[in-house]
Amino acid sequence: MPTRREFLLTAALLAALPLAPRAAEGPFRIGTVGAGRIGGTLGGLWAKAGHPVMFSSRHPAELKDLVNSVGPLAQAGTVAEAIAFAEVVLLAVPYRALPQIGKEHGAALAAKALVIDTCNPFASRDGEIAVWARAKGAGLATAELLPGARLVRAFNAIGAGRLPELARRKSDRVGMPIAGDDAKAIALASGLIREIGFEPVLIGPLAMGRHLVPGTPLAGEHTRDEIRTLAATLN
Ligand SMILES: NC(=O)c1ccc[n+]([C@@H]2O[C@H](COP(=O)([O-])OP(=O)(O)OC[C@H]3O[C@@H](n4cnc5c(N)ncnc54)[C@H](OP(=O)(O)O)[C@@H]3O)[C@@H](O)[C@H]2O)c1
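Treat the numbers as computed from the prediction; the structure is a model and nothing was measured.

Calculation notes
Residues numbered from 1 in each chain as written. Predicted model: local features only at pLDDT ≥ 70, side-chain atom pairs only at ≥ 80, totals over all residues. Heavy atoms only, no water. Buried < 20%, exposed > 50% of the residue type's maximum accessible area, 1.4 Å probe, protein only. Helix = DSSP H or I, 4+ residues; strand = E, 2+ residues; numbered from the N terminus. Pairing = 2+ DSSP bridges. Right-handed = clockwise from strand over helix to strand, strands pointing away. Axes fitted to C-alpha atoms, helices over the stretch in contact; angles between N-to-C directions. Contact = heavy atoms within 4.5 Å. Near = heavy atom within 4 Å. Polar contact = N/O pair within 3.5 Å; in protein donor to acceptor, adjacent residues only side chain to side chain. Areas by Shrake-Rupley, 256 points an atom, 1.4 Å probe, with all protein chains shown as cover. Nonpolar A, V, L, I, M, F, W, Y, C, P; charged D, E, K, R; others polar. Salt bridge = Lys/Arg side-chain N within 4 Å of Asp/Glu carboxyl O. Phe/Tyr/Trp six-rings, centres within 6.5 Å; stacked < 30°, edge-to-face > 60°.

## Observations regarding the pairing of strand β2 (residues 53-56)
Where a strand is regular, its side chains alternate between the two sheet faces. Of the two faces of β2, the one carrying Val53 and Phe55 and the one carrying Met54 and Ser56 are both buried. Inspection of the sheet shows strand β1 (residues 30-33) paired to β2 by four bridges, in the parallel sense. Bridge pairing links Gly31 to Met54 in β2. Pairing between β2 and strand β3 (residues 74-77): four bridges, direction parallel. Looking at β3, one finds that Met54 is bridged to Gln75. For the segment spanning β2, helix α3 (residues 64-70) and β3, crossover handedness is right-handed.

## Quick word on the sheet that holds strand β7 (residues 174-180)
In space, the eight strands of this open sheet follow the order β3-β2-β1-β4-β5-β6-β7-β8, with mixed pairing throughout. Each of the sheet's edge strands pairs with one partner strand only, and the pair in question is β3 and β8 (198-204). Direction aside, the axes of adjacent strands within the sheet are offset by 25 degrees on average. Its contacts with the sheet put helix α2 (residues 37-48) on β1, β2, β4 (88-91) and β5 (114-117), and the angle it makes with β2 is roughly 170 degrees. Packed onto the sheet, helix α11 (residues 224-232) meets β7 and β8 and runs at close to 10 degrees relative to β8.

## Focus on the site of the ligand
Neighbouring residues of the ligand: 25 residues in total, closest Ile38, Arg58, His59, Val93 and Ala160. Note that an oxygen atom of the ligand is positioned 2.9 Å from one of the backbone N or O atoms of Ala35. Between an oxygen atom of the ligand and a side-chain N or O atom of His59, the distance comes to 2.6 Å. Within the complex, the protein chains bury 82% of what would otherwise be the 880 Å² of accessible surface of the ligand. Here the shell around the ligand is composed, by residue class, of 13 nonpolar, nine polar and three charged.

## Overview of the pattern of salt bridges
Overall, the coordinates contain ten salt bridges when judged by the stated rule. With a closest N to O distance of 3.0 Å, Arg125 and Asp126 form a salt bridge. For Asp126, a relative accessible area of 7% gives the class buried. For the salt bridge of Asp225 with Arg224, the shortest nitrogen-to-oxygen distance reads 3.2 Å. Taken together, the salt bridges that share partners define one network made up of Arg96, Arg125 and Asp126.

## Digging into the side chain of Ser57
By the secondary structure assignment, Ser57 is in the loop between β2 and α3. From its side chain, Ser57 meets the backbone nitrogen of His59 in a polar contact 3.0 Å long. Those residues in contact with Ser57 that lie beyond four places of it in its chain are Leu63, Gly77, Thr78 and Val79.

## A word on the packing of aromatic side chains
In this structure the tally under the stated criterion is two aromatic pairs. Measuring from centroid to centroid gives 6.0 Å for Trp46 and Phe155, while their planes differ by 90 degrees, and the two rings are edge-to-face. You can see Trp46 sitting in helix α2 and its partner Phe155 sitting in the loop between β6 (151-153) and α9 (163-167), a full 109 residues away along the chain. The interplanar angle of 90 degrees and the centroid separation of 5.8 Å between the aromatic rings of Phe155 and Phe198 together place this pair among those described as edge-to-face. Separated by 43 residues along the polypeptide, Phe155 in the loop between β6 and α9 and Phe198 in strand β8 bring together distant segments of the chain. Across the pair, exposure class does not vary: Phe155 and Phe198 are buried alike. What links up through ring pairs into an aromatic cluster is the set Trp46, Phe155 and Phe198.

The structure is reproduced here in structure tokens:
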């Protein structure tokens, strides 16, 4: 957990980054755990930006059409293969899958430079684990399930179906609120988010990830400045 001073320093450094699209260094090998609406869409956008992507799920043989549609930078594998392949992991599974993913792959995930957490807890879909995660806050709950992972919450509350169109915008970029504790992971996530057409806005440490779920004021499509204004009212 960063101190308040460290967090403010990170926020100030990120705020000073230029607004113009700025490529992440790389390319980075990206592994998606989950390749449905959000994993498939974001993996496709990052492949389009030049990053090799391995999509994974419990049924990788079913990902052939996705891989073919994304093109030569895409492949599919098991969850273990995608995590082994990846420098950056995108978590895009129903929240109820996270305890098992933590048990089976926690150590491998803790070795990654960045784990992007798109997962939202919904009691109606995920059961008891979602009730616990909502009470704890989605960011801190994922951190407890994946100890040591350099987590950044992002892409939690804009519909996957909207992402390709928003990503094509040349101006009036949509802001992407993010929360995390690790300065290097935040910087890496910010570069990757910028590369696919969104303006990252750090709203605070991972504990603030509790505000990054559908149905909160930060959900939906906002500009960078709107997100900053909204985030200033939250604690
Ligand atoms: N859809 C959106 O617009 C959206 C937006 C923001 C955030 N989110 C969040 O993103 C997460 C994924 O949502 P989604 O809409 O993309 O769901 P989805 O379309 O149902 O896709 C879920 C993916 O996860 C895989 N999966 C499920 N259990 C797994 C496990 N135990 N191990 C590995 N892979 C597993 C599924 O494949 P198999 O079943 O074949 O394993 C599938 O590829 C959710 O937490 C959701 O709340 C969604």
